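# Per-entry structural report
Listed below, chain by chain, are the residues.
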Amino acid sequence: PPPPPLSIDSPDKYEESITFYPIVVRKEFFVHNLSAARINAICLYNVFGEKCFESSSLGSNNQFYEFDFSALLKGLYLVEITTDTGIISRKIVKE
C-alpha cells in the first residue's frame, strides 16, 4: 500500500481561539485572545520578509490588543503571533 499522506493530525488547539481582524486594514488592527495561551509577541512582515512592526511587551493577562497600522504603506503583509504553544500566521492587506 502507498504511504499515508503527510499532514498534521491536530492543529494548534489555541489557533481558533486567537482571532485578528480586519483582514483589510485601514488604520486599526485588533487581536482577540480567548484561549489560555499567552501571546508573547506580534510581528508584521512585508512581502519582502522585512519586519515592519513588532510588539513583545503585551502583558501576561490581556485578551484584547489594538494596534495602529495607519503609518504602513499599502500592500500585503504577514501577521505572526507567537504564543507559548507555537506560531500563528495570517495574511492581511493594508489599504
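Look up: the structure comes first, before these words.
Anyway, here's the lowdown on the structure attached to this text. All values reported here derive from a predicted model rather than from experimental measurement. (Residues numbered from 1 in each chain as written. Predicted model: local features only at pLDDT ≥ 70, side-chain atom pairs only at ≥ 80, totals over all residues. Heavy atoms only, no water.)

Turning our eyes to something else, we now look at the environment of Lys94. Assignment of secondary structure puts Lys94 in strand β8 (residues 86–94). According to the relative accessible area criterion, Lys94 is buried, its value standing at 7%. Separated by 18 residues in sequence, Lys94 and Leu76 have C-alpha atoms that sit 6.4 Å apart. Ignoring sequence-local partners within four residues, the contact set of Lys94 consists of Val25, Arg26, Phe69, Ser70, Leu72, Leu73, Lys74, Gly75 and Tyr77. Separated by 3.2 Å, the side chain of Lys94 and the backbone oxygen of Arg26 make a polar contact. (Helix = DSSP H or I, 4+ residues; strand = E, 2+ residues; numbered from the N terminus. Buried < 20%, exposed > 50% of the residue type's maximum accessible area, 1.4 Å probe, protein only. Contact = heavy atoms within 4.5 Å. Polar contact = N/O pair within 3.5 Å; in protein donor to acceptor, adjacent residues only side chain to side chain.)

Pairing between side chains of opposite charge can happen when the charged atoms of each approach one another. Applying the stated criterion across every chain yields a total of 3 salt bridges. Salt-bridge contacts for Glu28 lead to Lys27; the nearest nitrogen and oxygen are separated by 4.0 Å. Overall, Glu28 belongs to the partly exposed group, its relative accessible area being 31%. On the accessibility criterion, Lys27 (41% relative accessible area) is partly exposed. Close ionic contact of Lys51 with Glu54 constitutes a salt bridge, the shortest N to O distance being 3.3 Å. On the basis of relative accessibility, which here comes to 44%, the residue Lys51 falls in the partly exposed class. (Salt bridge = Lys/Arg side-chain N within 4 Å of Asp/Glu carboxyl O.)

Right, let's get into the pairing of strand β5 (residues 51–55). In terms of strand pairing, strand β4 (residues 39–46) meets β5 through 4 bridges, oriented antiparallel. Looking at the pairing, Ile42 lines up with Ser55 of β5. Counted between consecutive antiparallel strands, the loop separating β4 from β5 contains 4 residues, among which Gly49 sits at a positive phi close to 85°. (Pairing = 2+ DSSP bridges.)

Structurally, the position occupied by Ser55 is in strand β5. Residue class for Ser55 comes out buried when judged on its relative accessible area of 15%. What Ser55 contacts, discounting residues up to four positions off in sequence, is Asn40, Ala41, Ile42 and Phe67.

On the basis of which strands lie adjacent, the open sheet formed by 3 strands has the order β1-β3-β6 and antiparallel pairing. One side of each edge strand has no neighbouring strand; the edge strands of this open sheet are β1 (18–21) and β6 (64–68). Pairs of neighbouring strands in the sheet enclose a mean axial angle of 15°, with direction left out of account. The pairing of β1 with strand β3 (residues 28–33) spans 4 bridges and is antiparallel. Within β3, the position partnered with Ile18 by the bridge is Asn33. (Axes fitted to C-alpha atoms, helices over the stretch in contact; angles between N-to-C directions.)

Nonpolar side chains collect at one region of the surface, where Ile23, Val24, Val47, Phe48, Leu76 and Val93 lie side by side and expose about 570 Å² of accessible area between them. Turning to its location among the elements, Leu76 is positioned in strand β7 (residues 75–83). (Patch = residues over 30% accessible without salt bridge, like charges linked within 9 Å, V, L, I, M, F, W, Y side chains within 5 Å. Areas by Shrake-Rupley, 256 points an atom, 1.4 Å probe, with all protein chains shown as cover.)

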